[in-house]
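# Structure assessment
Single-letter residue listing:
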Amino acid sequence: MLRSFFVLVGILLFPMIAMIFVPSCSPITKINNYFGLKYLDYTYDGVFILVEDLLVDTPEAAWQAQFDKWQQGFGYQVRFIRLNELNYSASNNAALIEGKSLYLDAPVIRYVKRLSNSDWVMEMSLEQQENEDFERSIKGARLLIEQVLRPLPQEQWREKILEMDRKFSLDVALHEFDTLMLELTEEQQQALRSGQVTWRFSESGGEQVFYWNLFESNLTIAIGPIEEDKFSLGVFISFLFLFFLMVASAIFAWLYPLWLRLKRLDEAAIAFGQGELDQRVKVKRYSITSRLGKSFNLMAERIQTLIQTNQELTNAIAHDLRTPLAKIRFAIEMLDADDSSQEEKQNYKKSVNKSIDNLNYLLNQILIYSRYNRIADASNFTPSRFANVVQDEVEEQQFLHEKITFLCDIDTELQDKRLVLDKFALARALTNLLTNAAKFASTRVRVTFTEKGQYYYLVVEDDGLGIAEEKMADIFEPFKQIDNDERNAEQGHGLGLAIVSQIAKWHQGEVWVEDSAALGGAKFTLRWPVSTCHISVEKT
């Protein structure tokens, strides 16, 4: 989970870092340039329109003199450059040729536009202006408007201003000075009388309107309102949208692979449920679903093994049931026969009773195996002195098999040590191992119970003929017996060692067989970890 968190953080941080350190690829830069250009087009397009109108009637040879005059009269730096002298990028040059305006923000903000279809480009270097500082920026527009109106009779000024208003993005209006007395403060009126530019906020409060008197007349030019806030709002909304888009994209990039893997897991689960027991999920090491995939594969493996085991058990049980049932059927038929003697009928009755005992023993073994074939029940793990259990089991087997000598060797530190384990299950495992050893031993069986490192070892050895190496791996499988291919019930059913194997798994351990170097027969070792014996009793 922690790894997935860092992956998500990385997905979010990578584009942020890229936007900070690679501004040319940053959408923030593009958004800023887009709205910056929109604002400059809105604010200064009137200046370019006036410049182009004034140059229409001026011979191109005289343009340079006009440019020099304007450069001195503008409140900000303005340059007039020929297209072939530009040092912009190829894409910017192409945009200017197509008649588009440019917004450049390095090293200072510049607004650039081609003059009509001429070979000249006008470049204005701008600074952020606020309130009264804007007077310097409006100076160029004032210069051009007065240059247009100066040659005209005063009667034509209003018509010319209306023409400008239609062409400009900003509102341009001509007012009688006296009509503005109520809208302007005394200080603003005094500024107008002295020929200065003044400004005020519009009625909405967030826009600026600029005023100046035309020459020495009673007429006042008003430009505005300048709606700067609507472009700021556009930038804010764009940045907000970009942020949510980036977060959504990061979450999608994180969730989509997760969705794909969960989809494959779902398909595998459906296929497994439909009987394709070999269905497994491909697990990637660093995937967020790796643990889920491993758990599914482990579950599928166990279920497949369990089903296969149950099928084998069913076949084996059917075989072991068939023999005693056939004997019982035959005996019952013979008991009903008229020609059977009394002695024969008595033998048939004994055969029926023996077959019933065999069936009862088989059913008990199957129930025991079924019990230990489930997950270990923690409630069965209780503190006990297992060394005493081992000693008691050895003494009982010695009593049952007088011709065989049973030896018991238990580590001194384990004699009085209380271990948390399933005492009855391990006692049954030891009984099965001892019964099996007594069946094949010649004269001796030895039991050893020791602790080595992180494991406990319970070892049972005998001095019999031993077990062939090729058969050692099969004897822990259910209904697998050595030298009993005919499945003679008198020799058992092959579940004893299978039960031992399941009990070992209950304790997270294992059991194996090998040749005994000390006694020469078979050596069975049951090993389980010490940590298993530290299960909290409170959990039971």
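First things first, this report covers the structure right here in the doc. What you are looking at is a predicted structure, and each value in this text was computed from that prediction instead of being measured.

The rules behind each value
Each chain has its residues counted from 1, following the order in which its sequence is written. It should be noted that, the model being predicted, local features are given only for residues of pLDDT at least 70 and side-chain atom pairs only at 80 or more, the latter also being counted only at that level, while totals for whole chains, interfaces and linings use all residues. Side-chain metrics in this entry use all non-hydrogen atoms of the structure; hydrogen atoms and water are not considered. In this scheme, strands are said to pair when DSSP sees at least two bridges between them. By definition, any uninterrupted DSSP run of H or I lasting at least four residues is a helix, any uninterrupted run of E lasting at least two residues is a strand, and each is numbered from the N terminus. Comment: axis = line fitted to C-alpha atoms, over the contacting stretch for helices; angle = value between 0 and 180 degrees taken between N-to-C directions. Contacts between residues were defined by any pair of non-hydrogen atoms, one from each residue, lying within 4.5 Å. Only protein chains enter the accessibility calculation, which uses a 1.4 Å probe. A residue is then buried if its area is under 20% of the maximum for its type, exposed if over 50%, and partly exposed in between. Throughout, the arc means the angular range of directions from the helix axis out to the C-beta atoms. Each reported salt bridge corresponds to a side-chain nitrogen of Lys or Arg within 4 Å of a carboxyl oxygen of Asp or Glu. For any pair of crossing helices, the crossing counts as left-handed if the nearer helix is rotated counterclockwise from the farther one by less than a right angle, and right-handed if it is rotated clockwise. Only Asp, Glu, Lys and Arg are considered charged, only Ala, Val, Leu, Ile, Met, Phe, Trp, Tyr, Cys and Pro nonpolar, and every remaining residue, Gly among them, polar.

## Considerations on the sheet that holds strand β3 (residues 109–114)
Strand order in the open sheet formed by four strands is β1-β4-β3-β2, and the pairing between neighbours is antiparallel. The sheet is open, and its two edges are formed by β1 (77–82) and β2 (102–104), each paired on a single side. Across the sheet, the mean angle from the axis of one strand to that of its neighbour is 20 degrees, orientation sign disregarded. Note that β3 and strand β4 (residues 120–126) share six bridges and pair antiparallel. Each residue of the ladder has a partner; that of Ile-109, found in β4, is Leu-126. Packing of helix α3 (residues 63–73) onto the sheet brings it into contact with β1 and β4, and relative to β1 it is tilted by some 160 degrees.

## Details of helix α6 (residues 157–167)
Within α6, the full set of buried residues consists of Trp-157, Ile-161 and Met-164. Across the axial projection of α6, the buried residues extend over an arc of 55 degrees, all falling on one side. Opposite the buried face of α6, at more than 90 degrees from it, the exposed residues are Glu-159 and Arg-166.

## Here's the deal with the pairing of strand β14 (residues 510–515)
Taken together, the six bridges between β14 and strand β15 (residues 522–529) define a ladder with antiparallel strand orientation. Counted as the bridge partner of Val-511 is Leu-526 from β15. The hairpin formed by β14 and β15 contains six residues between the paired strands, and Gly-520 there has a positive phi angle of roughly 90 degrees.

## With respect to the pattern of salt bridges
Under the counting rule described, the total for this entry stands at 14 salt bridges. The salt bridge involving Arg-200 is made with Glu-183; its shortest N-O contact spans 3.1 Å. Residue Arg-200 is found in strand β6 (residues 198–201), and its partner Glu-183 is found in the loop between β5 (172–176) and α7 (186–193); the two are separated by 17 residues along the sequence. Arg-200 sits in the buried class, given a relative accessible area of 17%. Glu-183 sits in the partly exposed class, given a relative accessible area of 43%. Where Glu-301 meets Arg-280, a salt bridge forms, and the shortest distance between an N and an O atom there is 3.0 Å. Here the residue Glu-301 occupies a position in helix α9 (residues 290–335), and Arg-280 occupies one in the loop between α8 (228–273) and α9, the gap between them amounting to 21 residues. Judged by relative accessible area, which is 40%, Glu-301 ranks as partly exposed. Members of the salt-bridge network, linked through shared partners, are Asp-53, Lys-160, Glu-163 and Lys-167.

## Observations regarding the packing of helix α11 (residues 386–400) against helix α12 (residues 423–440)
For the pair α11 and α12, interaxial distance at closest approach is 10 Å and the crossing angle is 35 degrees. For the pair α11 and α12, the sense of crossing is right-handed. On α12, the residues touching Phe-386, Val-389, Val-390, Glu-393, Val-394 and Gln-397 of α11 are Lys-423, Leu-426, Ala-427, Leu-430, Thr-431, Leu-434 and Thr-435. Of the residues assigned to the contact of α11 with α12, the class counts are eight nonpolar, three polar and two charged.

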